[in-house]
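What the coordinates show
The lines below spell out each chain.
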Amino acid sequence: MTSPKVDKGQEEPQATAADTTSGEGYQRALGARQIQMIAIGGAIGTGLFLGAGKAIAKAGPSLVLAYATAGVVIFFIMRALGELLMYRPVTGSFSEYAREFVGPFAGFVTGWTYWLFWVVTGITEVTAAAQYMTFWFDVPQWVSALIFTIILYGVNLISVKLFGELEFWFSMVKVTAIVGMILICAGILTLGFSDAGDSASVTHLWADGGFFPHGISGTLMTLQIVMFAFLAVELVGVTAGESKDPKSVLPKAINAVPWRIAIFYVGALVMILSVVPWTEFQPGISPFVAAFQKMGLGVGAGIVNFVVLTAALSSCNSGMYSTGRMLRDLALNGQGPKVFTRLTRSGTPLVGTTVSAALMLVGVWINYRWPGDAFTYVVSFATISGMWAWIMILVSQIRYRRLADRGVLPRSSFRAPGAPYTSVFALAFIGMVIVMMGIDEDARISLYCAPLWALILGVSYLVRKARNPGDKAFAGR
């Protein structure tokens, strides 16, 4: 039942002293402060800042309920991940656990799919960042996308410590901005200042067509956008192999998920929709920027646009961090080219990060070819590929719990409450979201692409297995 791994002697020991590295060759340079902010930042990104505009138009005020419900499911997923992480904290955890508890093919699919997810998400975020730049400058989207991709690639080549520090400050900017916006909206509701002061009221949550202006179906159709907004919360699992004290830090970060969602998603949307009627928001425009413009706070709109730009670049930065490590995990387990195992002296997987950044340049072409539709195209595919990681986390946790309860494996010190029932519920919810994506004409394209990707992975796995008969990386289920 153990995960197949290459012999440690085959790794390239290019990292520094043993007391600063993990067993995988990475430097344990991420402290509690950075892990906490990476976890918070993962829950605040383009899905909220930009995607919420389209979701508001589809669901109206009931979007608040959609985020709250999905937030509960996300907490179940994160507690399932936490149980696995405390059993065995490793970088590339999703594919590692899928490999151990489901089988080598599941690990292969999960690793490569999560890598693809972050490549596509990187394209999504750099697309959003390029759109935000048009708020100030009349510059083609593809130019901004190219510049941002090159800069973030350079940042990721330096060290994981710098990555963690940048993510800390990126997340600090996002958190400060949302809290500030909530306080401003609260001031408008109670004191009545700004252009929106006379009309601001919590009655906007139900007075403008009702809480469900487009019915329950309208709310259900936003679940794809809502779930996309939460993608990346699982990033803390990827940092496990580079955390200074994963057994202490990771549970705290995971347990903070509920209040993050309550404040940054539910709280922020309740305030915005109370100050500005939902009917005044438009798809493709950040509801945060639009809210400040409706309030007559032009400077505030510029500040918020800077914040959402920061959020997009933060997520793209995280994408480059994740992709190199997922490719290295696959290579270490014999399920990817061995060239991806190489680390720089600073502990950075250079080759994997470079290949991933090069593929993210596809986003530049998408922005050049379809500047108006780029975000919609990539969001739907990012959602389906990202949710596969969640499915594998839940299935792996269910199987691990069964073995742990039988005494076959040691019990985790951070058991998921209510499991396996909560994990089964989360799987059912994800299944419903996939059905909704099939109904949604805009999101359906991702379901067309998924079988093609599965076919590519299946053929690649069989070819690799045939070339390496008897390799333990392909043994087992």
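These remarks concern the structure in this document. Note that residues are indexed from 1 along each chain, following the sequence as it is written. A pLDDT threshold of at least 70 governs which residues receive local features in this predicted model, and a stricter bar of 80 or more applies before side-chain atom pairs are shown or counted, although totals over entire chains, interfaces and linings include all residues. Values reported for side chains reflect all heavy atoms of the structure, with hydrogen atoms and water molecules removed beforehand.

1. Quick look at the overall build of the chain
Here a helix means four or more residues in a row that DSSP labels H or I, a strand means two or more in a row labelled E, and each is numbered from the N terminus. Along the chain, the regular secondary structure elements total 21 helices and zero strands. Throughout, a contact is declared for two residues whenever any of their heavy atoms are within 4.5 Å. Of the contacts made within the chain by residues no fewer than 6 positions apart, 81% connect residues no fewer than 24 positions apart. Put simply, the chain shows about 17600 Å² of open surface, and 67% of that area lies on carbon and sulfur atoms. Each accessible area value is a Shrake-Rupley result obtained with a 1.4 Å probe; residue values ignore everything except the protein chains displayed when judging cover.

2. What about the packing of helix α7 (residues 141-156) against helix α17 (residues 350-360)?
Note on definitions: angles span 0 to 180 degrees between N-to-C directions of axes, and those axes are lines fitted to C-alpha atoms, for helices only across the stretch in contact. Contact geometry of α7 with α17 gives a least axis separation of 10 Å together with a crossing angle of 170°. With respect to α17, the element α7 is oriented roughly antiparallel. On α17, the residues touching Thr149, Tyr153 and Asn156 of α7 are Leu350, Thr353, Thr354, Ala357 and Met360. Just so you know the grouping, Ala, Val, Leu, Ile, Met, Phe, Trp, Tyr, Cys and Pro go in nonpolar, Asp, Glu, Lys and Arg go in charged, and all remaining residues, Gly too, go in polar. Grouping the constituent residues of the contact of α7 with α17 by class yields four nonpolar, four polar and no charged. Any angle that falls under 35 degrees is termed roughly parallel, while one over 145 is termed roughly antiparallel, one within 65 to 115 roughly perpendicular, and all others oblique.

3. Some words on the packing of aromatic side chains
Only Phe, Tyr and Trp rings take part, Trp by its six-membered ring, and two of them pair if their centres are within 6.5 Å. Stacked means planes under 30 degrees apart, edge-to-face means over 60, and tilted covers everything else. Within this structure, the stated rule accounts for 19 aromatic pairs. With a centroid separation of 5.0 Å and 90° between ring planes, the pair formed by Phe211 and Phe212 is classed as edge-to-face. Among the residues examined, Phe212 registers a relative accessible area of 31% and is labelled partly exposed. A connected cluster of aromatic rings, assembled from ring pairs, spans Phe105, Phe108, Trp112, Trp115 and Tyr461. Lysine and arginine charges are scored as sitting over a ring when NZ or CZ, respectively, is within 6 Å of the ring centre and within 35 degrees of the ring normal. Of note, Arg79 hangs over the ring of Phe414, and the distance from its end group to the ring centre comes to 4.0 Å. For every residue, the accessible area (1.4 Å probe, protein chains only) is compared with the maximum for its type, and the residue is labelled buried under 20%, exposed over 50%, or partly exposed between those bounds.

4. Thoughts on unusual backbone geometry
Residue Pro420 follows Ala419 across a cis peptide bond; omega there is 10°. Mapped onto the secondary structure, Pro420 falls in the loop between α19 (374-405) and α20 (421-439).

5. Side note on a nonpolar patch on the surface
On the surface, Phe135, Trp136, Phe137, Val139 and Phe306 cluster together to form a nonpolar patch covering roughly 450 Å² of accessible area. Within the secondary structure, Phe137 sits in the loop between α6 (104-133) and α7. Of the residues examined, Phe137 reaches a relative accessible area of 47% and is grouped as partly exposed. Residues qualify for a patch when their relative accessible area is over 30% and they have no salt bridge, like charges being joined within 9 Å and the nonpolar side chains of Val, Leu, Ile, Met, Phe, Trp and Tyr within 5 Å. We define a salt bridge as a side-chain nitrogen of Lys or Arg found within 4 Å of a carboxyl oxygen belonging to Asp or Glu.

6. Re α20
Multiplying 1.5 Å by the residue count of a helix minus one yields the expected span of that helix. Between its first and last C-alpha, α20 extends 27 Å over 19 residues, near the 27 Å set by a 1.5 Å rise per residue. Considered for burial, the residues of α20 that qualify are Thr422, Ser423, Ala426, Phe429, Ile430, Val433, Met436 and Met437. Down the axis of α20, the sector holding all buried residues measures 130°, keeping them to one side. Of all possible arcs, the one meant is that of the directions from the helix axis to the C-beta atoms.

7. A closer look at the pattern of salt bridges
It is possible for side chains bearing opposite charge to pair when their charged atoms get close. This structure, assessed with the given rule, holds eight salt bridges. Close ionic contact of Arg88 with Glu96 constitutes a salt bridge, the shortest N to O distance being 3.2 Å. Taking the relative accessible area as the measure of exposure, Glu96 reaches 0% and is therefore buried. By sharing partners, the salt bridges in this structure join Arg88, Glu96, Arg99, Glu100 and Asp329 into a single network.

8. Things to note about helix α8 (residues 160-191)
An α-helix turns once per 3.6 residues; consequently, residues spaced three or four apart project the same way. Here α8 is 32 residues long and its end C-alpha atoms lie 46 Å apart, about the 46 Å a rise of 1.5 Å per residue gives. Where α8 ends, the next residue or the one after it, Gly192, has phi of about 75°, a positive value.

9. Focus on the environment of Pro283
Its location among the elements puts Pro283 in the loop between α14 (257-275) and α15 (287-294). Take Pro283: its relative accessible area is 48%, and that puts it in the partly exposed class. The spacing of Pro283 and Ile56 is 227 residues in sequence and 8.0 Å in space, taken between C-alpha atoms. Setting aside residues up to four positions removed in sequence, Pro283 forms contacts with Gly53, Lys54 and Ala57.

10. Some words on the environment of Thr127
Counting through the fold element by element, Thr127 comes out in helix α6. Sequence spacing of Thr127 and Cys316 is 189 residues, and the spatial spacing of their C-alpha atoms is 9.9 Å.

11. Let's talk about the environment of Cys185
Within the secondary structure, Cys185 is located in helix α8. For Cys185 and Val275, which are 90 residues apart along the polypeptide, the C-alpha to C-alpha distance reads 6.5 Å. Other than its neighbours up to four places away in sequence, Cys185 contacts Met271, Ile272, Val275 and Met295.

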